[in-house]
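Chain by chain, the residues run as shown.
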Amino acid sequence: MKSASARSRKSEAGNRKRQFDTADKKRGATWFGVPPSGGRANAGVQTATGRALRLSQAFFCLLISAVCFLNAGCIHREPPADLTILNGAEPETLDPALLTGQPEMRIVIGMFEGLMRFDPRTARPIPGLARSVEISPDGRIYTFHLRTNLVWSTGPPITADDVWYSWIRVLNPATASDYAGQLYYLKNGEAFNTGKIKDPSLVGIHVLDKFTVRVELNHPTPFFLDVCALPVTYIVPRQTIEKYGDRWIMAKPLPSSGPYELVYWRLNDKVRLKKNPRYWDAAHTRSDIIDLLPVGSPSAALNLYMSGQADIVWDKELVPTELVDLLLKRPDFHKFDYLGTYFIRFNVTRKPFDDPRVRQALALAIDKERIVTKITRAGEQPASHLVPDGTANYLPVGGLGYDPARARQLLAEAGYPGGQGFPRFEYTFNAAAGGAAEMHQNIAIELQQMWRDELGIHMDLRQLEWKVYLNAMDHLDYSLARSSWIGDYNDPQTFLGMFTSNDGNNRTGWKSATYDALITEANEQTDLKKRAEIFQRAETLLVSNQVPIIPLFFYVGINYFDTNKIQGVYENILDDHPLQYIRKAGRESRVEGREPENANQ
Amino acid sequence: MYFLKRLIFAIPLLLVISALAFWLVHIAPGGPFDRERAPASPEIERNLEAKYHLNEPVWKQYLRYLDGLAHGDFGPSLKYRDHSVNDIIAQGLPVSMTLGSLAFCFALGIGLPLGFFTAARRGRWPDYAGSFLATLAVCVPGFVLAPFLIVVFALKLKWLPVALWESPMQAILPMIALGAFSAGKVARLFREGMLNAMQSEFVTAARAKGLGENRLLLKHAVRIAVLPVVSYSGPMLADLLTGSFVIENIFQIPGIGVFLINGALNRDYTVVVGLALLYAVLLIALNLAVDFAYTWLDPRVKYE
């Protein structure tokens, strides 16, 4: 066989490979019987083995030189960070107008600032780029006075025009901002964003002079200052955006309006920030260089933290669920109430879940205490209502508790005594990264068992990939589905608003004119106490009477860092931590050396 | 001539691959902009779709994509909106390729000597021990081996860092975790190749002529025995160079493997198609290189 065509060579190689595989198996049986050749050959084998060893040595040399090459070429010669933070998922974007998630937000609140910013202790809005604000008695007109000493990190002044541009940019349909809805509170904000009006000057934001902005709202919106502290409303550099387009955030230099400038953002590697010396409050910026690392797996986060390569881990997704009981006993693991609720959605357009009695029965048959002590185990509080305890401008209502006897009675009234005749149904939940997937599944199994034991009804589990799950929710292609909601801002509206008839987040098919009217009425109300009462009536309708959802528990936030070393991270219900207040004790002298006035704090 | 032909055939092949990838990822339920929080108005989602031309028919989007490709543009990422797919490849691929090359060297550096050693000592305890080791390396998956290595070498012994990608020391554990499977595979293939070669007629003939066992093994048997390893090396290298989701995730390495998997989960259409194409190009190129190596190693093989 002197020459072979390529085709036959290919198949020959394939055959050869297969032969080896089978030969391997056959040989396994005969190994013991095959003696090596005589003594002389053995000596030869010895030297051959010696050569093989030398060959492997050569490979190792190659390997080591490769590593040395790496050392010379790829190591980043850069100063160490003053603070290394494990920040959760890789940020999808650092454009304030486009971001939607908390990992992004935690970086962006360092790079840009809005008219308001978050108080590091309470996460309530405090003046940021605005020095002061006047609110009209009807709560619809806000007049913001900017500080007069504001400049971009690149030098030019920040003025009222920048505020106008930044907000109009969010509402501009071409920007395609997911969170543009946060500026629908502005007069004509929605109309401009949806293309019904084209003229931005009709939107309720007006520049009065270089340092004054007037904002007109549709309704009195008591949480509007909270909105002004959300990244979507932050002030961004017009010239850079117009020059670089969609990828302006990668421009160098990138003008920053916040306490930090972006040094670089290497995908899936790190975001490095350095202090912006031109920030109006730069004297109180406590760390010079901050690295924020995306981490995909809880065990990697824990390893990095335990080996001292990270100072702070502040994403509760980064706590390994199997270790949560152990870890929470450590003094450097901090657990606190969080503005988020885990709940179940009913698809009320499907029988038998169109009957409120059935929904109430299912809700009453759940022992929520058991779920938080047996499955989630991080100290979550069982929830009988949707709006978490501790939400601003509100006092929560009591909802349905655990009452299996009444649950059985309601189910019987609905025509299914002892669960007889109740169709099998499905519970939809999503696959998730890290420990969350297991939690969703364990909760599903627990519910399955509770409902079978208490009500005699049978449920099947249906786990879907994330995007398929979202798609199923949007198209009401489910019977029951696990859900959760994290508040955008600290007000009941962010939870209760979503179950109005036409809200895109309703996803239950439940429509109630009474409920819609209550929400509208609450949002017209300027008296906060009366407003809270109206919201309470709405929530009672939602969680006690109509029950399109069953709240299960309120999330807790978990951060881990050593309080002896790290200062300036405070527990708050939004789990927001402005970067400029955080400092590592070992680095103290460096900062204080330059800013002696900080020593007194 | 033959290789030129292969290269030309690669182009329609890549077109078919890109079209299939494009179509498959688009028919998967859910889209890149489906989120847990629905936007305040359906108009917002329409704005997004319009911006990225997702409102057009798929064939039209595909043509638009091909047009971009012709200009060397893989398009914008739909999930990481500040980055283009070119950025993602430019940042992630060198990292994955470095780690992959190291793992490749590791696989050959461990696998070949181990295969040789076990074949030379066949039927005795070094053979059993070596073969067991090779089988173990093939059987233990990366997501078991990697945490094990971290616990032993990083957390207990504190010889090596637990994760990240900044210094060469940080490359060692992921290199082992990534290359172990291939090393075991190479060892097994090479051992079998050696044993087969040593039983073949030309080796018997050479031995009959009085050639020293030493020379026989290294000069004659090895050349034939290494062929299955060479066949396997092409796809192996392509696989190692394009990164591993598991290893990159566990060691927090900014490679490309994470993007391929997450891209598919996120319905980041452009990332998935771009990386699928990249993988295809590497695979085609390396298979071609394997064929080249064959003509050099095995005098019986010639291409017309």
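Residues numbered from 1 in each chain as written. Chains lettered and ligands numbered in written order. Predicted model: local features only at pLDDT ≥ 70, side-chain atom pairs only at ≥ 80, totals over all residues. Heavy atoms only, no water.

Trainee: Looking at this model, I keep getting lost on the packing of helix α16 (residues 513-524) of chain A against helix α17 (residues 528-546) of chain A. Mind explaining?
Mentor: A pair of packed helices is characterised by two quantities: the angle between their axes and the separation of those axes. All names here are of chain A. Direction vectors running N to C along α16 and α17 enclose 160°, while the axes themselves pass 8 Å from each other. The pairing of α16 with α17 is recorded here as roughly antiparallel in orientation. Like other packed secondary-structure pairs, α16 and α17 cross with a definite hand, here left-handed. Residues T514, Y515, L518, I519, E521, A522 and N523 of α16 form the contact with α17, whose own contacting residues are R531, I534, F535, R537, A538, L541 and L542. Considering only residue class, the contact of α16 with α17 consists of nine nonpolar, two polar and three charged. (Axes fitted to C-alpha atoms, helices over the stretch in contact; angles between N-to-C directions. Helix = DSSP H or I, 4+ residues; strand = E, 2+ residues; numbered from the N terminus. Parallel < 35°, antiparallel > 145°, perpendicular 65-115°, else oblique. Left-handed = near helix turned anticlockwise from the far one by under 90°. Contact = heavy atoms within 4.5 Å. Nonpolar A, V, L, I, M, F, W, Y, C, P; charged D, E, K, R; others polar.)

Trainee: Can you walk me through the pairing of strand β1 (residues 83-86) of chain A in this structure?
Mentor: As a general feature of sheets, a regular strand has side chains that alternate between the two faces. Residue and element names in this part refer to chain A. Side-chain alternation along β1 places L83 and I85 on one buried face and T84 and L86 on a second face that is also buried. Bridge count between β1 and strand β10 (residues 289-293): four bridges; the pairing is parallel. Across the sheet, L83 pairs through a bridge with I290, a residue of β10. (Buried < 20%, exposed > 50% of the residue type's maximum accessible area, 1.4 Å probe, protein only. Pairing = 2+ DSSP bridges.)

Trainee: Can you help me understand the side chain of D332 of chain A in this one?
Mentor: Residue and element names in this part refer to chain A. On the secondary structure map, D332 appears in the loop between α9 (324-327) and β12 (333-346). Assessed through its relative accessible area of 9%, D332 is described here as buried. Excluding its chain neighbours within four sequence positions, the residues that come into contact with D332 are Y305, N559, Y560, F561 and D562.

Trainee: How should I be thinking about the sheet that holds strand β6 (residues 205-209) of chain A in this particular structure?
Mentor: To summarise the sheet geometry, strands pair through backbone hydrogen bonds and adopt either a parallel or an antiparallel arrangement. Residues and elements named next belong to chain A. If you trace the four strands from one edge of the open sheet to the other, you get β4-β5-β7-β6, paired in antiparallel fashion. For this open sheet the edge positions go to β4 (130-135) and β6, each flanked by a neighbour on one side alone. Each strand of the sheet is rotated relative to its neighbour by a mean of 20°, with strand direction disregarded. Pairing geometry for β6 and strand β7 (residues 212-216), over four bridges, is antiparallel.

Trainee: What exactly am I supposed to notice about the confidence of the model for chain A here?
Mentor: For residues with low pLDDT, the predicted coordinates do not support detailed interpretation. All names here are of chain A. Per-residue pLDDT for chain A averages 86, and the proportion of residues at 70 or more is 84%. Between residues 1-46, whose pLDDT stays under 50, and residues either more than four places distant or in other chains, the model counts 58 contacts. Note that residues 588-601 has pLDDT below 50 and, in this model, 21 contacts with residues that lie over four places away or in other chains. (pLDDT = per-residue confidence, 0-100.)

Trainee: Would you take a moment to explain the confidence of the model for chain B for this structure?
Mentor: Residue and element names in this part refer to chain B. Taken over all residues, the pLDDT of chain B has a mean of 89, while the share at 70 or more is 99%. By mean pLDDT, helix α9 (residues 213-225) is the weakest element of chain B at 80, and helix α3 (residues 58-70) is the strongest at 93. Two numbers describe this predicted complex: its pTM, 0.85, and its ipTM, 0.87.

Trainee: When you look at the nonpolar core in this model, what are you seeing that I'm missing?
Mentor: A general feature of soluble globular proteins is that nonpolar side chains tend to end up buried together. The biggest cluster of nonpolar side chains holds 156 residues, and the ones touching the most others in it are W167, F224, L362 and W451 of chain A. Discounting chain neighbours no more than four positions away, the residues touching L362 of chain A are F346, F353, F425, W451, L455, I457, L480 and I550 of chain A. Core analysis: the next-biggest nonpolar cluster, separate from the first, contains 78 residues, A378 of chain A together with L189, V222 and A238 of chain B among them. (Core = buried A, V, L, I, M, F, W, Y, C linked by side-chain atoms within 4.5 Å.)

Trainee: How should helix α3 (residues 102-111) of chain A be read in this particular structure?
Mentor: In an α-helix there are 3.6 residues to a turn, and that puts residues three or four apart on one side. In terms of burial, α3 of chain A is largely enclosed, as nine of its 10 residues are buried. Summarising the contacts, the buried residues of α3 of chain A are in contact with β2 (116-118), β8 (260-266), β9 (270-275) and β10 of chain A.

Trainee: Help me out: how do you make sense of the pattern of salt bridges in this one?
Mentor: Side chains bearing opposite charge may pair, as long as their charged atoms lie close to each other. Using the criterion set out here, one finds 43 salt bridges over all chains in the structure. Ionic pairing is found between R37 of chain B and D488 of chain A, a salt bridge with its closest N-O pair at 2.2 Å. On the criterion of chain membership, the pair formed by R37 of chain B in the loop between α1 (2-27) and α2 (42-51) and D488 of chain A in the loop between β16 (480-486) and α15 (493-496) is interchain, its members lying in two chains. A relative accessible area of 16% means that R37 of chain B is categorised as buried. Where salt bridges share partners, they join E78, K270, R272 and D291 of chain A together with E166 of chain B into one cluster. (Salt bridge = Lys/Arg side-chain N within 4 Å of Asp/Glu carboxyl O.)

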